[in-house]
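Architecture and fold: a report
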Amino acid sequence: MSFNDASKEWVSLDPNPLTRKYVEDAAPESIEGMFSKRIAFGTAGLRSKMLPGPANMNDLVIIQTAQGLAEYILSMSPPSSPTAVVGYDHRENPTLNLSSEGFAKLTKAVFDSYGISTTLLDGFVPTPLVPFAVKEQKASCGIMVTVTADSALTKSYLDKYFSSIESDLVLTTPPTPHPSSPLTVPTFVYTAMHGIGHPFTSRSFSTFSLPPFLPVGIQCDPDATFPTVSFPNPEEKGALDEAMRLAEAENKDIVLANDPDADRLAVAERDRTTGAWTVFKGDQIGVLLGHWMWESFGRNAPAGTKCAMLASAVSSKMLKAVAEKEGFLFEETLTGFKWIGSRNLELQSEGYKVLFSYEEAIGFCCGDMIVDKDGVSAAGVFAQMATHLYVSSGTSVSQHLQHLYSTYGEFVSNNGYFFCYDPAIVAKIIDGIRNGGEYFKEVAGYEVEGIRDLGEPGYDSSKPDNKPTLPTSASSPMITISFTNGCVAQFRASGTEPKFKYYVEMAGKPGVPRKQVEEELNVMVDKLLETLLSPSENGLTR
Ligand SMILES: O=P(O)(O)OC[C@H]1O[C@@H](O)[C@H](O)[C@@H](O)[C@@H]1O
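Residues numbered from 1 in each chain as written. Predicted model: local features only at pLDDT ≥ 70, side-chain atom pairs only at ≥ 80, totals over all residues. Heavy atoms only, no water.

1. Some words on the nonpolar core
It is characteristic of soluble globular proteins that their nonpolar side chains tend to be buried jointly. In plain terms, the rule: The nonpolar core is taken to be a set of buried Ala, Val, Leu, Ile, Met, Phe, Trp, Tyr and Cys residues, with the residues joined through side-chain atoms within 4.5 Å. Summary of the burial criterion: residues with accessible area below 20% of their type's maximum are buried, those above 50% are exposed, and those between are partly exposed, where the area comes from a 1.4 Å probe applied to protein chains only. In this text, helices come from DSSP runs of H or I with a minimum length of four residues, and strands from runs of E with a minimum of two, each type numbered from the N-terminal end. What makes two residues a contact is simply this: any of their non-hydrogen atoms within 4.5 Å.
By size, the foremost hydrophobic cluster in this structure holds 89 residues, and its most contacted members are Leu256, Leu289, Phe356, Phe364, Phe382 and Val397. With ten residues, helix 13 (residues 375-393) is the single largest residue contributor to this core. If sequence neighbours within four positions are ignored, Val397 has contacts with Ile254, Glu269, Phe280, Leu288, Phe382, Met385, Ala386, Leu389 and Tyr390.

Below you can see the structure in the form of structure tokens.
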């Protein structure tokens, strides 16, 4: 369909007078991009700007999506019983009268018209409350439109959610003070990053019987303009600055940060002697929490308990090394909790106790009370772990991490991304790495041990039939190259943003100091990126 026809059809269907007028008044060349493609379900849902057109988030896209989803649910569920839960956060574009709340209400209206009985959680809620309510209600589906909950319904789910955290994740025995422990109880600063996390993570702390944290006041309340951060993602450089400044001024040990819808968690720790900060990477938080869940709930589980942990394929393989040494099942899945959560449910139905799952993009799921990432419970578990480490072992979290490295291996990762706005360039790079199906035997002088290509038709040199076990996809391919020196390099386009991502990890050899592994890896990453991605030729920008 031509742009003209597409935009006319859009205007005839769009119920929102402001987005209709936007399209009618705009110069065609300024809005053509909004009609160039249809928004698709990526790694973690539908994600785009709140603007008109099928490529963006707006009332018409929400109505159409809800219709499609409703038809799918009806095709899957017995006709008499389908139910759904819908939650929303504080984001909005007031100029166009578009908001998370409005999208949530439209979704409910569409579902109701299909006879799907839909619970709309009142008030801003953290994303993890939606999967929790889905499980409680045995609903067919949950939808979160991604912040203070005060209505009686929402309140009852919150009460049950925090009781589940208490029964599943809170250790009842307090830490036993180390005889010569130099460290006292750690203290915390918390930021909600202008999102909805504050009341919930505060309650998580009290559920774990922890003393209250010090909140970053200016970032505590929901504010859809995110005034004090350049990008409201705790992984981005500078996002924790405000919290770290407060911790320094008030002499606190650890910064905890939720992302705005509180399903993810970032952590930084300040050395009590030097004042130097360690900002933990997602993989480091993952292995710390995974190991803690094993020590707290796995190691002494009743005889016969089959324990398991999961991580996305692009996450560190250190948790796998922990699993191999400690004797529990570890499996990897594709990126995103849609994959991790589904595998979690399958493992539960096979009789496994899934103690922990995570993805390097700071998404953590402690226990199996929900099968989705949860920054609220993860913040409580992390703070409880830190308290036990400081008090019982006399070690900081950073020191404990060094101990884990010396026990399970010096895993060093170097992950990053380039902005890449043209899908044709992504396809060209992936084709180049594939080398016409004649995969490289060496890259930039490093000998290749094996290749896994999760594009179509799929290839895995480590399998006798060369068929990968993870699902393949033509539209979101991922290539993994394992090198004989212990390095694993993975390449894929982001499923949420215009980025080409790389994830490179080196499993250090015994006796080789961590610093040396880091230096060798940095050199290798530069060479691999230059050879396989040709950044300047392909116009890739950092
Ligand atoms: O690598 P992608 O596809 O951009 O996704 C990265 C992550 O993006 C985060 O924003 C999502 O919450 C995660 O679930 C997701 O894995």
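After that view of the structure, there is still more to cover.
2. Quick notes on the site of the ligand
Here is the rule we go by: By convention in this text, a residue qualifies as near a molecule or strand provided that one of its non-hydrogen atoms is within 4 Å of it. For this analysis, a polar contact is any N or O atom pair within 3.5 Å, provided that within protein one partner can donate a hydrogen and the other can accept it, and provided that sequence-adjacent residues contribute only side-chain to side-chain pairs. Surface accessibility in these figures is a Shrake-Rupley result with a 1.4 Å probe; residues are shielded only by whichever protein chains are displayed. When residues are sorted by character, Ala, Val, Leu, Ile, Met, Phe, Trp, Tyr, Cys and Pro go into the nonpolar class, Asp, Glu, Lys and Arg into the charged class, and all the rest, Gly among them, into the polar class.
Close to the ligand lie 14 residues, the nearest being Thr43, Arg492, Ser494, Gly495 and Thr496. A distance of 2.5 Å is found between an oxygen atom of the ligand and a side-chain nitrogen or oxygen belonging to Ser494. Here the ligand loses 94% of its free accessible area of 390 Å² to cover by the protein chains. Here the residues of the shell around the ligand sort into three nonpolar, five polar and six charged.

3. Overview of the layout of surface pockets
To be explicit about the condition: Only protein atoms enter the 1 Å grid, on which a cavity is a set of points fitting a 1.4 Å probe that cannot get out and a pocket is an open set with protein on both sides within 12 Å along at least 5 of 7 lines, lining residues being those with an atom within 4 Å of a point. Grid points are joined across faces, edges and corners, and a volume is the space filled by probe spheres set on the points.
Here the second largest pocket is characterised by a volume of approximately 1000 Å³. Together, 35 residues line the second largest pocket, and Lys317, Lys320, Glu332, Arg452 and Ser482 are the ones closest to its centre. Listing elements by their share of the lining of the second largest pocket, those giving two or more residues are helix 11 (318-326), strand 12 (329-333), helix 12 (337-349), strand 17 (446-453), strand 19 (478-483), strand 20 (487-493) and strand 21 (499-507). Considering only residue class, the lining of the second largest pocket consists of 13 nonpolar, ten polar and twelve charged.

4. Looking at helix 11
Those residues of helix 11 lying buried are Met318, Leu319, Ala321, Val322, Ala323 and Glu326. Close packing links the buried residues of helix 11 with helix 10 (282-298), strand 11 (306-312), strand 12, strand 13 (352-359), helix 14 (397-408) and strand 15 (411-419). Remark: Gly327 follows helix 11 within two positions and exhibits a positive phi of approximately 85°.

5. Concerning the sheet that holds strand 1 (residues 83-88)
Our working definition: In this scheme, strands are said to pair when DSSP sees at least two bridges between them. Note on definitions: angles span 0 to 180 degrees between N-to-C directions of axes, and those axes are lines fitted to C-alpha atoms, for helices only across the stretch in contact.
In space, the three strands of this open sheet follow the order 4-1-5, with parallel pairing throughout. Each edge of the sheet is formed by a strand with only one pairing partner; in this case those strands are strand 4 (117-120) and strand 5 (141-145). Looking at each pair of strands side by side, their axes are set apart by 20° on average, direction ignored. Note that strand 1 and strand 4 share four bridges and pair parallel. Note on strand 4: the bridge partner recorded for Ala84 is Thr118. Strands in contact with helix 5 (residues 100-113) are strand 1, strand 4 and strand 5; relative to strand 1, the strand with the most contacts, it is inclined by about 170°.

6. Considering the state of the cysteines
Our working rule: Cysteine sulfur pairs qualify as disulfides if the two atoms are within 2.5 Å.
Going through the model one piece at a time under the given rule, you end up with zero disulfides. We note that Cys366 lacks a disulfide partner, and the nearest cysteine sulfur, in Cys365, lies 7.1 Å from it. The class of Cys366 is buried, set by a relative accessible area of 4%.

7. Quick word on the sheet that holds strand 12
The four strands are arranged 12-11-13-14 in an open sheet whose pairing can be described as mixed. The outermost strands of the open sheet, each flanked by one partner alone, are strand 12 and strand 14 (363-366). Strand-to-strand twist across the sheet, computed as the mean angle between neighbouring axes with direction ignored, equals 20°. As judged from the five bridges shared by strand 11 and strand 12, these two strands associate in the parallel manner. Following the sheet pairing, Leu310 is matched in strand 12 by Glu331. The strands touched by helix 12 are strand 11, strand 12, strand 13 and strand 14; relative to strand 13, the strand with the most contacts, the crossing angle is about 170°.

8. Considerations on empty space enclosed by the protein
Put simply, the largest cavity is a space of about 80 Å³. Considering the residues around the largest cavity, the lining is formed by Asp283, Val314, Ser315, Ser316, Lys317, Ser413, Asn415, Val488, Gln490, Tyr503, Val504 and Glu505. Going through the elements one at a time, strand 15, strand 20 and strand 21 are the ones with two or more residues in the lining of the largest cavity. It is strand 21 that contributes the most residues to the lining of the largest cavity, three residues altogether.

9. Section: the UniProt feature "domain: Alpha-D-phosphohexomutase alpha/beta/alpha" (unreviewed entry) in the protein chain
Keep this limit in mind: UniProt positions are given in the numbering used here, feature names are shortened, and annotations may be inferred rather than shown by experiment.
Following the UniProt record, one finds the feature "domain: Alpha-D-phosphohexomutase alpha/beta/alpha" (unreviewed entry) at residues 39-147, 187-270 and 281-408. Regarding residues 281-408, the helix share stands at 55% and the strand share at 19%, and the terminal C-alpha atoms are separated by 17 Å.

10. Quick look at the packing of helix 4 (residues 59-76) against helix 5
Under the convention used in this document: An angle counts as roughly parallel when it lies under 35 degrees, as roughly antiparallel when it exceeds 145, as roughly perpendicular when it falls between 65 and 115, and as oblique in every other case. What makes a crossing left-handed is the near helix being turned counterclockwise from the far one by less than a right angle; a clockwise turn instead makes it right-handed.
Where helix 4 contacts helix 5, the two axes come as close as 9 Å, and the packing angle between them is 40°. With respect to their mutual orientation, helix 4 and helix 5 come out oblique. In the crossing of helix 4 with helix 5, the sense of the turn from one axis to the other is right-handed. Within the contact between the two elements, helix 4 uses Asp59, Ile62, Ile63, Ala66, Gln67, Leu69, Ala70 and Ile73 and helix 5 uses Phe103, Leu106, Thr107, Val110 and Phe111. Partitioned by chemical class, the residues of the contact of helix 4 with helix 5 number ten nonpolar, two polar and one charged.

11. Here's the deal with the packing of aromatic side chains
When we look at a pair of aromatic rings, we describe it by the centre distance and by the angle of the planes. What counts, and what does not: Think of it this way: a Phe, Tyr or Trp ring, Trp meaning its six-membered ring, pairs with another when their centres are within 6.5 Å, and the plane angle makes it stacked under 30 degrees, edge-to-face over 60, tilted otherwise.
Applying the stated criterion across every chain, the model contains 17 aromatic pairs. Plain terms: the ring middles of Phe419 and Tyr421 are 6.2 Å apart, the flat faces sit at 10° to each other, and that makes the pair stacked. Exposure remark for Phe419: the relative accessible area of 25% places this residue in the partly exposed category. Measuring from centroid to centroid gives 6.4 Å for Tyr446 and Phe483, while their planes differ by 80°, and the two rings are edge-to-face. With Tyr446 in strand 17 and Phe483 in strand 19, this residue pair connects regions lying 37 residues apart in the sequence. In this structure, Tyr446 and Phe483 share a single accessibility class: buried.

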